[in-house]
Amino acid sequence: MESSLDRIDRPWGERTPYGRAEPWPTRVDSCLADGVPPEAVARWVQSASLLDSGGDAMDIAVLDGRIVGVRGRAADRVNRGRLEPKDLFGWQANAAPDRLTRPLVREDGELVETDWATAMDRLVSRSRRLLDTHGPGSVGFYTTGQLFLEEYYTLAVLARAGIGTNHLDGNTRLCTSTAAESLKQSFGCDGQPATFDDFDHADVIALFGHNIAATQPVQWMRILDRLAGSDPPRLVCVDPRRTEVARHATVHLAPRLGTNVALLNALLHEIIRCDRVDRDFVEARTVGFAELAERVADCTPAWAARVCDVPAARITEAAEVLGGAERLLSTVLQGVYQSHQATAAAVQVNNLQLIRGMIGRPGAGVLQMNGQPTAQNTRECGADGDLPGFRNWQNDAHVADLARVWNVEPETIPHYAPPTHAMQIFRHAEQGSIRMLWISGTNPAVSLPELARIRSVLAREDLFVVVQDLFLTETAQLADVVLPAATWGEKTGTFTNADRTVHLSDKAVEPPGEARPDLEIFLDYAARMDFRDKDGGPLITWHDPESAFEAWKRCSAGRPCDYTGLSYDRLRGGSGIQWPCDERTPEGTRRLYGDRFDWAHPEVCESYGKDLVTGAAADVVEYRSLNPDGKAVLRAAEYLAPHEEPDEEYPFQLTTGRTLYHFHTRTKTGRTPQLNAAAPEVWVEVSAEDARRLGLGEGDPVEVSTPRGSLQARLRLSDVRPGVLFVPFHYGYWDTPSGSGPSEKTPPRAANETTITDWDPASKQPLFKTAAAALTALDHDGGTR
């Protein structure tokens, strides 16, 4: 067996080949601390990965009250024992010496340690004062994609029914809101149609803007094992970079940034022209085909070639592969989601699956992927731009049903407008209407666009900022109150991965110092605020993770994400289980929409749809006219050029993304020796052609600038398409001399110093993929040449 240390250089490990429709073989990966043999481990505690959206199941090794390693869970359906590098090594961050162990409050401009009573009193008194003087709209919440289900649900209840604010969203807005919106647009409801098991059955796998080798490495191992076995699938890859996925692809398309809709319309054009449409399926189970066919009628490969700068013959070849598939599985991620026509493009992938009749069967479906480990829970629990249980904020019956579950009056739950999205929350804070912002488990001072603006918002004197986190992040350094949180391995709860698999993570060790689980913090706040239901009883009646889970089950009952067949006991000891799981499907549900689109009917759908250009929400009358019988909706889209195009001053297109070895802003992975050593510094990728033209070479210091700001990094020559710069977004400032942002001693290095405050009109997902940029050589002292 290979050493775990080999997994930095060989991140996907050894191959276990298997054939189409055969079971994926087991391979158990593990990593223990130096000097700890497996027989010395005192306890193995069940959990799953909190460093990607795959939900890789693992056991935590405990010795002398410490986490000393992990091993994959062989019985689990998601990973069959495999772990990726962040899983194998990331646990070490729990014991980092700079963990927050006591609350902090700001005194005379400085953060100083205090006790929990003082910190919570300060938080509660400010909340009450704002509610009395400015009302619920003065309080906002911005959360993460890394808490547990029980914590999101509690946060949703205290925010929406306790405070009564509409201002609650997650950083899932940055990575997964287009996934949710595209599913609502096409199927009437959120919820992943396909399952990871479909990788075992597909004969064609199409990856649209999805570098699965870096973002869900264990599922890339699965694809590699299929490629090494009998009857391997063909891959179609759409990515401006020649990634590991692209190197294995039958067809690799590298379109100009911001042209996904044009490319997809051309693929749809060819599939319709060549009559690769499942006419019976389209007639029986969809609406909108005539409009779609008319929209793409002139979108020939030759037309798309001019727009996308991709050879027409390659577009035709890709369409032939997609159109000839017997079992087509498509996956989508940030290359589609973080662009100006994000929802429009993601919906065209759904259209591709639907017109081919490739939905709800083994190997035939779509994975509108997530970027974070618990992003699915943020959506289903209502801790982002949805109401809990995928209820429709425009449907009074849905609001009344939620009010019944919470035992409050319907008017208590704000539904006069859609829940406020993250970009608008920060706009309200900038304008002064939001006067308290509670940020839990995320680091917007590195992850949001246009960081100079975000730092100025968080530093406003009239904004009371609360940060709940593990470390003194760049965001926490700007806070008025900092609450030390427990993390994975230090608390109990459930979370749901990108293919609807629910895992239980049990507490393995105590959190450091006075750090508390997020659930405990939220419950403490709710009790101190004395939130009440309509009968005068406590609004929140649960007291620990398991009772919170049982409360969530009642909220999910009868909804698309029904958890009523699950329990902590059922989730212990074996594999994770996919929702919906109820009395009709006690073993969970592999695929949605096998025979009908249950949640697309006007009376039950989560959304009535939005205009893909303006983002304006349709109403029930419009939706009922379009889709009276509850079918899947084929929504056509016209290609629109990016909002910001290169020019003489800014001749490049800048795109940002991930690296395999880090997660988000490196809060945990940057404190893990092996992962940090694998990717210690930010870099800029440029094509060899562009580098030669500019007289630049590998490792040269350069500056990337846009109309918003700049960053400095070393150059890396790659197979990215000419005219494009790629920068990983993970690198902030906590491990630099300044600690919180650029300074005289710390040159700017965060990718989001340069990105634009703009978003997709339907999903409200920010644009991290299409900024106009300039590339300038620096001398070795940091000055321009």
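In case you missed it, the structure is sitting above this.
This write-up is about the structure you can find in this document. Predicted, not measured: the structure shown is a model, and the values here were computed from it.

What the protein contains, in helices and strands, is 26 helices and 27 strands. The C-alpha atoms of the protein give 25 Å as radius of gyration, which agrees with the globular expectation for 785 residues (28 Å, within 12%). Seen through its principal axes, the protein has C-alpha atoms that stretch 70 × 65 × 60 Å. The burial tally for the protein puts 67% of its 785 residues in the buried class. Considering the protein, the positive charge centre built from 83 side chains and the negative charge centre built from 110 side chains are found 2 Å apart.

Right, let's talk about the packing of aromatic side chains for a bit. Under the defined criterion, the tally for this structure stands at 18 aromatic pairs. Relative to Y563, the ring of W552 lies with its centre 5.7 Å away and its plane at 75°, an arrangement referred to as edge-to-face. You can see W552 sitting in helix α22 (residues 545-556) and its partner Y563 sitting in the loop between α22 and α23 (568-571), a full eleven residues away along the chain. Y563 matches W552 in its accessibility class, with the two residues each being buried. Put simply, the rings of Y153, W542, F549, W552, Y563 and Y568 pair up and form one aromatic cluster. Stacked on the ring of W734, the Lys or Arg R671 has its end atom at 3.7 Å from the ring centre.

Below, the discussion takes up the packing of helix α9 (residues 260-273) against helix α11 (residues 289-296). Where α9 contacts α11, the axes come no closer than 9 Å and their chain directions differ by 110°. In terms of orientation, α9 lies roughly perpendicular with respect to α11. Listed contacts from α11 to N265, L268, H269 and I272 of α9 are F289, L292, A293 and V296. A breakdown of the residues in the contact of α9 with α11 according to their chemical character gives six nonpolar, two polar and no charged.

Our next topic: the sheet that holds strand β2 (residues 43-48). To summarise the sheet geometry, strands pair through backbone hydrogen bonds and adopt either a parallel or an antiparallel arrangement. Sheet architecture is open: four strands sit in the order β1-β4-β3-β2, paired in antiparallel fashion. Bordering the open sheet on either side are β1 (30-32) and β2, each of which pairs with just one other strand. The average undirected angle you get between the axes of adjacent strands in this sheet is 25°.

Cut-offs and rules
- Residues numbered from 1 in each chain as written.
- Predicted model: local features only at pLDDT ≥ 70, side-chain atom pairs only at ≥ 80, totals over all residues.
- Heavy atoms only, no water.
- Helix = DSSP H or I, 4+ residues; strand = E, 2+ residues; numbered from the N terminus.
- Rg over C-alpha atoms; globule rule 2.2 N^0.38 Å.
- Buried < 20%, exposed > 50% of the residue type's maximum accessible area, 1.4 Å probe, protein only.
- Lys, Arg positive; Asp, Glu negative; His and termini not counted.
- Charge placed at Lys NZ, Arg CZ, Asp CG, Glu CD.
- Phe/Tyr/Trp six-rings, centres within 6.5 Å; stacked < 30°, edge-to-face > 60°.
- Lys NZ or Arg CZ within 6 Å of the ring centre and 35° of its normal.
- Axes fitted to C-alpha atoms, helices over the stretch in contact; angles between N-to-C directions.
- Parallel < 35°, antiparallel > 145°, perpendicular 65-115°, else oblique.
- Contact = heavy atoms within 4.5 Å.
- Nonpolar A, V, L, I, M, F, W, Y, C, P; charged D, E, K, R; others polar.
- Pairing = 2+ DSSP bridges.

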